Amino acid sequence: MSRIGNAPVSVPAGVDIKIDGSTVTVKGPKGTLTKTFNPKLGLSMEDGVLKVTRPDEQKETRSLHGLTRTLINNMVIGVTEGFSKKLGIEGVGYRAAKQGKDLVMNLGYSHQVIMPEIDGITVEVPNPNSIIVSGIDKEKVGQFAAEIREKRPPEPYKGKGIRYEGEYIIRKEGKAGKGKK
């Protein structure tokens, strides 16, 4: 029995949900999100609460049940509060800056790494060693943050690179040299 799938999605005031077959549109103060789900699952709105039901107990249907409920809940949270990911830059000379709509990073390469903002995502650089990626779509925010991190992932010897806030890097010891005689 899916505990997550059975939990109802409460719809706060100011959020409007429209269900058109298997397509759900969530409109809130921060914007609008639309997503199409598997048509096998049943979606119903009753008394300001959205419920997801499944027709049978097949493995695929049970898997989709909890996933669908979570995705709809993330849409509701996105249009009310939004999502954000914080990244930290560590390393001598490594820094980020905002130029117009572009994120410009110096990451130890012979050139600057320039990443333009995509639709629905805003990038803030409060100081040269931190980046905040925010938006209403959790998937887009996470993907864009992963693409930024991919430009210089943290390395295990000195810990230099771009990491998520709170990410722990397992450090390695350097190569042991031969002893002098």
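Everything numeric here is computed off the predicted structure, so don't read it as measured data.

Turning our attention to the packing of aromatic side chains. Throughout the structure, instances matching the rule amount to zero aromatic pairs. Across from the ring centre of Y164, 5.3 Å away, lies the NZ or CZ of K85, which sits over that ring. The side chain of R152 reaches across the aromatic face of Y109, ending 4.3 Å from its centre.

Core analysis: the biggest nonpolar cluster contains 19 residues, and L103, M105, I131, V133 and I148 have the highest contact counts within it. Where this core is concerned, the elements lending two or more residues are β7 (83-90), β9 (102-106), β10 (113-116), β11 (121-127), β12 (130-135) and α3 (138-150). For this core, the element with the most residues is α3, which contributes four residues. Residue contacts for I148: discarding those within four places in its chain leaves L87, L103, M105, M115, I131, V133 and I162. Of all hydrophobic cores here, the second largest spans 18 residues; its members include V11, V15, V24 and V26.

The next point concerns the environment of V92. Tracing the chain through its elements places V92 in the loop between β7 and β8 (95-99). Once the C-alpha coordinates of V92 and I118 are considered, the two residues, 26 residues apart in sequence, prove to be 28 Å apart.

Moving on: the sheet that holds strand β13 (residues 161-164). Spatial ordering of the open sheet is given by β11-β12-β7-β13, a layout of four strands whose pairing is antiparallel. Where the open sheet ends on each side, the last strands, each with one partner, are β11 and β13. Adjacent strand axes in the sheet meet at a mean angle of 25 degrees when their direction is disregarded. Strand contacts of α3: β7, β11, β12 and β13, with the helix running at about 10 degrees to β7, the strand carrying the most contacts.

Here we take up helix α2 (residues 59-80). In this model, α2 (22 residues) spans 33 Å end to end at C-alpha, consistent with the 32 Å of a helix rising 1.5 Å per residue. Just downstream of α2, G82 is the residue with a positive phi angle, here 90 degrees.

This part is about the layout of surface pockets. By volume, the largest pocket amounts to about 180 Å³. Broken down by secondary-structure element, the contributors of at least two residues to the lining of the largest pocket are β4 (31-36), α2 and α3. Its residues placed into classes, the lining of the largest pocket shows five nonpolar, two polar and four charged.

Time to look at the pattern of salt bridges. Within this structure, the stated rule accounts for seven salt bridges. Ionic pairing is found between K40 and E60, a salt bridge with its closest N-O pair at 3.2 Å. With K40 in the loop between β4 and β5 (42-46) and E60 in helix α2, the pair connects residues that are 20 residues apart, well separated along the chain. Residue E60 is classed as partly exposed on the basis of its relative accessible area, which comes to 47%. Across the pair R54 and E57 runs a salt bridge, and its minimum N-O distance is 3.2 Å. When its relative accessible area of 52% is taken as the criterion, E57 is described as exposed. Overlapping salt bridges, with partners in common, bring together K98, K101 and E117 in one network.

Cut-offs used in this document
Residues numbered from 1 in each chain as written. Predicted model: local features only at pLDDT ≥ 70, side-chain atom pairs only at ≥ 80, totals over all residues. Heavy atoms only, no water. Phe/Tyr/Trp six-rings, centres within 6.5 Å; stacked < 30°, edge-to-face > 60°. Lys NZ or Arg CZ within 6 Å of the ring centre and 35° of its normal. Core = buried A, V, L, I, M, F, W, Y, C linked by side-chain atoms within 4.5 Å. Buried < 20%, exposed > 50% of the residue type's maximum accessible area, 1.4 Å probe, protein only. Helix = DSSP H or I, 4+ residues; strand = E, 2+ residues; numbered from the N terminus. Contact = heavy atoms within 4.5 Å. Pairing = 2+ DSSP bridges. Axes fitted to C-alpha atoms, helices over the stretch in contact; angles between N-to-C directions. Expected span 1.5 Å × (residues − 1). 1 Å grid on protein atoms, 1.4 Å probe; cavity = no way out; pocket = protein on both sides within 12 Å on 5 of 7 lines; lining within 4 Å. Points joined across faces, edges and corners; volume = space filled by probe spheres on them. Nonpolar A, V, L, I, M, F, W, Y, C, P; charged D, E, K, R; others polar. Salt bridge = Lys/Arg side-chain N within 4 Å of Asp/Glu carboxyl O.

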